[in-house]
Amino acid sequence: DVTSEERFVRLSYFLRFIPKVHDTIVMAGHLRSIIMSAAVPQGAPDSDDPAHGVYPTWWVSLIDFRQQIYYWGGTLQPNFLWIDLNRLARDGRFDEGSPTLSLNPRQRTLA
């Protein structure tokens, strides 16, 4: 069940059953759970062509365009980070010449 076609069918099916909620964090959780149902586990064989080995899902990302929140989570860590893009904009982090920001998703103190 790890071919692209099978994963697409799974996503299409589950998307029809997302509860209607107004809490964007809860909605992000619902979407992440559906995306993870189509994720390829670490070590899963490529059944289309075993010579190519594996192609695991390494991360999941979502964006709430209305609230301007970016969600990101690695599949090997239980935490899911979110970044308020409006706050970064208010703080001038997107201004010309501002320093590049980065997060290390393996940094355990982020959770």
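Look a little higher up for the structure.
Quantities reported herein were computed from a predicted structural model and do not represent experimental measurements.

(A) Quick peek at the overall build of the protein chain. The helix and strand tally for the protein chain stands at three helices and three strands. Reading the protein chain from its N end, one meets helices and strands in the order α-α-β-β-β-α. Its C-alpha atoms give the protein chain a radius of gyration of 17 Å, clearly above 13 Å, the size a compact globule of 111 residues would have. Counting across all 111 residues of the protein chain, residues that qualify as buried make up 24%. For the protein chain, the proportion of contacts with a sequence separation of at least 24, taken over those separated by at least 6, is 33%. With the model as given, the accessible surface of the protein chain reaches about 8,300 Å², and the carbon-plus-sulfur share is 57%. When the 11 basic and 12 acidic side-chain charges of the protein chain are each reduced to a single mean position, those positions are 8 Å apart.

(B) Inspection of the nonpolar core at higher detail. Judged by nonpolar contacts, Ala-28, Val-60, Leu-62, Ile-69, Tyr-71 and Phe-80 together constitute the single largest core of six residues. Mapped onto this core, the elements with two or more residues apiece are β1 (59-64) and β2 (69-74).

(C) Region of the structure containing the pattern of salt bridges. Taken as a whole and judged by the stated rule, the model has one salt bridge. Note that Asp-91 is salt-bridged to Arg-87, the shortest N-O span being 3.8 Å.

(D) Structural detail: the packing of aromatic side chains. All told, the structure shown has four aromatic pairs when counted by the stated rule. Pairing Tyr-71 with Trp-82 gives two aromatic rings, centres 6.0 Å apart and planes at 55°, and the pair type is tilted. Of the two residues, Tyr-71 sits in strand β2 while Trp-82 sits in strand β3 (residues 81-84), which places them eleven residues apart along the sequence. In textbook terms, an aromatic cluster arises when at least three aromatic residues are bridged by ring pairs, as seen for Tyr-13, Phe-14 and Phe-17.

Criteria and cut-off values
- Residues numbered from 1 in each chain as written.
- Predicted model: local features only at pLDDT ≥ 70, side-chain atom pairs only at ≥ 80, totals over all residues.
- Heavy atoms only, no water.
- Helix = DSSP H or I, 4+ residues; strand = E, 2+ residues; numbered from the N terminus.
- Rg over C-alpha atoms; globule rule 2.2 N^0.38 Å.
- Buried < 20%, exposed > 50% of the residue type's maximum accessible area, 1.4 Å probe, protein only.
- Contact = heavy atoms within 4.5 Å.
- Areas by Shrake-Rupley, 256 points an atom, 1.4 Å probe, with all protein chains shown as cover.
- Lys, Arg positive; Asp, Glu negative; His and termini not counted.
- Charge placed at Lys NZ, Arg CZ, Asp CG, Glu CD.
- Core = buried A, V, L, I, M, F, W, Y, C linked by side-chain atoms within 4.5 Å.
- Salt bridge = Lys/Arg side-chain N within 4 Å of Asp/Glu carboxyl O.
- Phe/Tyr/Trp six-rings, centres within 6.5 Å; stacked < 30°, edge-to-face > 60°.

That's the geometry; what it means functionally is another story.
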